[in-house]
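# Summary of structural features
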Amino acid sequence: MRKQKGQGIVEYALILAFVVGIGGLLYTNVNGSLADSIRSVFSNVDTLLGEASRQPATTSEAIIERLKEGRYDGLADVLQGKPASRMTIASDSEAGRELARKLNIQTKEGDGWFVDLHPDGQYVITYYAADANELTYSELKKDYDAHRSKYYNPEYGKTDTHRYPTKVTIAEGYYDSQGKATVYPSTTGHVGPGSDGNGMTIYPGSY
């Protein structure tokens, strides 16, 4: 059944690309180069086939692997290069939903993930599972908004408390500036402000 479904998606993508391509050819015969149009059509077909043939990533391990491919296999433009400052994308943000669509990521209800790109080239993926924490991702966000001091101590260094008092269980994919991978199926993370000082993020480690 899965094979037939996947075949149907590929066939649909081919038909769609063909229809779009014919329209493009008709337009460029009047307004542009036929050769450029043909190249564009084949490029669009390759893109559509790649997205259509990609099996859904549904587990924490598969999603971390897919987000890794998004950067290192060049499948997602937003994950390329080195940003001027740390850039975070959350699964429930507009950028995160677009990334999930492009990479065929299907996050389990109650879970969430973050990707962090650092200026030095480090790439960090954090996956939060409701089952491992007995609290859904949306419930965690609501609790963070209502009781921020429970999760983040801005007076760290002046007291003996931790900067991030509350710990969570996460899965992590860490890639250094050379792309060398270290993956932890279960490790400790902390909850705190987003990379821009606003919102909420989950990041590996305890401090």
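These remarks concern the structure in this document.

Parameters at a glance
Residues numbered from 1 in each chain as written. Predicted model: local features only at pLDDT ≥ 70, side-chain atom pairs only at ≥ 80, totals over all residues. Heavy atoms only, no water. Buried < 20%, exposed > 50% of the residue type's maximum accessible area, 1.4 Å probe, protein only. Helix = DSSP H or I, 4+ residues; strand = E, 2+ residues; numbered from the N terminus. Pairing = 2+ DSSP bridges. 1 Å grid on protein atoms, 1.4 Å probe; cavity = no way out; pocket = protein on both sides within 12 Å on 5 of 7 lines; lining within 4 Å. Points joined across faces, edges and corners; volume = space filled by probe spheres on them. Nonpolar A, V, L, I, M, F, W, Y, C, P; charged D, E, K, R; others polar. Phe/Tyr/Trp six-rings, centres within 6.5 Å; stacked < 30°, edge-to-face > 60°. Lys NZ or Arg CZ within 6 Å of the ring centre and 35° of its normal.

## Comments concerning the pairing of strand 3 (residues 123-128)
Of all six residues that make up strand 3, six are buried, and the element is covered over most of its length. Where strand 2 (residues 112-117) lies against strand 3, six bridges are found, and the strand directions are antiparallel. Note on strand 3: the bridge partner recorded for F114 is T126. In sequence, strand 2 turns back onto strand 3 through a hairpin of five residues, with G121 there showing a positive phi of about 100 degrees. In this sheet, strand 4 (residues 167-175) lies alongside strand 3 in antiparallel orientation, the contact comprising six bridges. Looking across to strand 4, one finds that I125 is bridged to G173.

## Side note on the layout of surface pockets
Volume-wise, the second largest pocket comes out at about 150 Å³. Only strand 1 (87-90) and helix 6 (137-146) provide two or more residues apiece to the lining of the second largest pocket. Among the residues making up the lining of the second largest pocket, the classes are represented as five nonpolar, seven polar and two charged.

## Considering the packing of aromatic side chains
Each aromatic ring pair is summarised here by two numbers: the centre-to-centre distance and the angle between the ring planes. Taken as a whole and judged by the stated rule, the model has seven aromatic pairs. Here Y128 and Y137 contribute two aromatic rings whose centre-to-centre distance is 6.4 Å and whose plane-to-plane angle is 55 degrees, an arrangement assigned as tilted. As far as burial versus exposure is concerned, Y128 and Y137 are alike and both buried. Connected via pairs of aromatic rings, a cluster forms that spans Y72, Y123 and Y175. Over the ring of Y123 we find R71; its NZ or CZ atom is 5.7 Å from the centre of that ring.

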